[in-house]
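Each chain, letter by letter, is given below.
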Amino acid sequence: PRQRAALLVRRAQLLESRLQDPEGALAQYETALELDPDAHDALQALKRLYHARGRFRDLVRALELEAARTDDLGVRTTALYHIARIHSDKLGNRPDAVSALERAVDTAPNDRLLLDELSLLKEANRDYRGLAAVLSQRVDVLGDGADQAGALHRIGQIYDEHLSDPNTARIWFERALTIDPCYL
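I will try to describe carefully the structure that is included in this document. Here the residue numbers are simple positions, counted from 1 along each chain's written sequence. This being a predicted model, a pLDDT of at least 70 is required before a residue's local features are given, and a value of 80 or more before pairs of side-chain atoms are given or counted; all residues contribute to the totals for chains, interfaces and linings. Side-chain measures were taken over the full set of non-hydrogen atoms in the model, leaving aside hydrogen atoms and water.

Structural notes on the overall build of the protein chain
Of the regular secondary structure elements, the protein chain holds ten helices and zero strands. Helix numbering and strand numbering both begin at the N terminus, where a helix is a DSSP run of H or I of at least 4 residues and a strand a DSSP run of E of at least 2. Traced from its N-terminal end to its C-terminal end, the protein chain shows the element sequence α-α-α-α-α-α-α-α-α-α. For the exposure calls, accessible area comes from a 1.4 Å probe over protein chains only, and a residue counts as buried if that area is under 20% of its type's maximum, exposed if over 50%, partly exposed in between. Split into buried and exposed, the 184 residues of the protein chain put 42% on the buried side. Residues count as neighbours in contact if any of their non-hydrogen atoms are within 4.5 Å of one another. Partitioning the contacts of the protein chain with sequence separation of at least 6, the portion at a separation of at least 24 is 41%. Separation between the mean location of the 25 positive side-chain charges and that of the 30 negative ones in the protein chain comes to 6 Å. Think of it this way: Lys and Arg go in the positive column, Asp and Glu in the negative one, and His and the chain ends go nowhere. Where a charge sits is defined by one atom per residue type, namely NZ (Lys), CZ (Arg), CG (Asp) or CD (Glu).

Next comes the structure, spelled out in structure tokens:
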């Protein structure tokens, strides 16, 4: 199967480059990947062609495959991040975007970009309890300083204004003041 997949990839490359037949190339790449799930060149070409042709659901499937099959945490995290962006920006599917970002954060829990993106989606979905949890995780990544005090204050605001829990809000506000006594 691996040799046949390699031949299909070569045929797809010819269809794409010489015959200007991207649809034919897509079919060949897809078949190659079915025969050999480790056909890296086929997967990369499919991602590129799906993106170029606006086939975002297919692109998500290819990225999911990449995330599932790799042992490289960086590749997995990047694939999941791209899945989230496609769901959010191209498919208008925030719940699936949140799910993909949560999986990415599980892979890279200290990645500020992922935490920031996830907090934006949680806030857009009005998932304030989830937003407070993500911001709490983000506080641990920020270390000490004004950024951390600001995040702690924001969590306090969420508990006060959106979750109607002034006691918990007070705890977060006090933590912010512990880090920066002048923070208002």
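We are not done yet, so read on.
Let's talk about the packing of helix 1 (residues 2-17) against helix 2 (residues 22-35)
Interaxial angle, 0 to 180 degrees, is taken between N-to-C directions of lines fitted to C-alpha atoms, where a helix line uses only the stretch in contact. Packing of helix 1 against helix 2 brings their axes to within 8 Å, and their N-to-C directions diverge by 165°. By the angle between their directions, the pair helix 1 and helix 2 is classed as roughly antiparallel. Here the hand of the crossing between helix 1 and helix 2 comes out left-handed. For the pair helix 1 and helix 2, the contacting residues are Arg4, Ala5, Leu8, Val9, Arg11, Ala12, Gln13, Leu15 and Glu16 in the first and Gly24, Ala25, Gln28, Tyr29, Thr31, Ala32 and Leu35 in the second. Of the residues belonging to the contact of helix 1 with helix 2, the class tally is nine nonpolar, four polar and three charged. Working definition: roughly parallel below 35 degrees, roughly antiparallel above 145 degrees, roughly perpendicular at 65 to 115 degrees, and oblique for all remaining angles. Handedness of a helix crossing follows the sense of rotation of the near helix relative to the far helix, less than a right angle counterclockwise being left-handed and clockwise being right-handed. Under the grouping applied here, Gly and all other residues not named as nonpolar or charged are polar, the nonpolar ones being Ala, Val, Leu, Ile, Met, Phe, Trp, Tyr, Cys and Pro and the charged ones Asp, Glu, Lys and Arg.

Regarding the side chain of Gln148
Secondary-structure assignment places Gln148 in helix 9 (residues 146-162). Take Gln148: its relative accessible area is 8%, and that puts it in the buried class. Among the polar contacts made by the side chain of Gln148, one reaches the main-chain carbonyl oxygen of Val139 at a distance of 3.3 Å. Each residue touching Gln148, except ones within four places of it in the same chain, is listed here: Val139, Leu142, Gly143 and Ile179. N or O atoms within 3.5 Å of each other form a polar contact, as long as, within protein, one can give a hydrogen and the other can take it, and as long as residues adjacent in sequence are counted only when both atoms are side-chain atoms.

A look at unusual backbone geometry
One can expect most non-glycine residues to show negative phi and most peptide bonds to be in trans. The phi dihedral of Gln20 falls on the positive side, at around 50°, and the residue is not glycine. In this fold, Gln20 is placed in the loop between helix 1 and helix 2. For Gln20, a relative accessible area of 60% gives the class exposed. Phi angles above zero are rare outside glycine, and Arg126 is one such case at about 60°. Classification of Arg126 as exposed rests on a relative accessible area of 63%.

As for the environment of Ala124
With respect to the helices and strands, the residue Ala124 is situated in helix 7 (residues 112-124). Taking the C-alpha atoms as reference, Ala124 lies 16 Å from Ile86; in sequence the two are 38 residues apart.

Side note on helix 9
Given the number of residues in a helix, its expected span is that number minus one, multiplied by 1.5 Å. Compared with the 24 Å implied by 1.5 Å per residue over 17 residues, the 23 Å span of helix 9 between its first and last C-alpha is a close match. Burial in helix 9 covers these residues: Gln148, Ala149, Gly150, Ala151, Leu152, His153, Ile155, Gly156, Ile158 and Tyr159. In the core, the buried residues of helix 9 are packed alongside helix 8 (128-142) and helix 10 (166-179). Ser164, located one to two residues past helix 9, shows a positive phi value of around 50°.

Remarks on the nonpolar core
In this structure, Tyr29, Leu101 and Leu114 are the most contacted members of the largest nonpolar core, which totals 41 residues. Those residues in contact with Leu101, other than ones at most four positions away along the chain, are Tyr81, Ala84, Leu114, Glu117, Leu118 and Leu121. Residue types Ala, Val, Leu, Ile, Met, Phe, Trp, Tyr and Cys, when buried and joined through side-chain atoms within 4.5 Å, form a set referred to as a nonpolar core. If you look at the next biggest cluster of nonpolar residues, it comprises 15 residues, including Leu142, Leu152, Trp172 and Ala176.

Without other data, these values stay purely geometric and don't point to any function.
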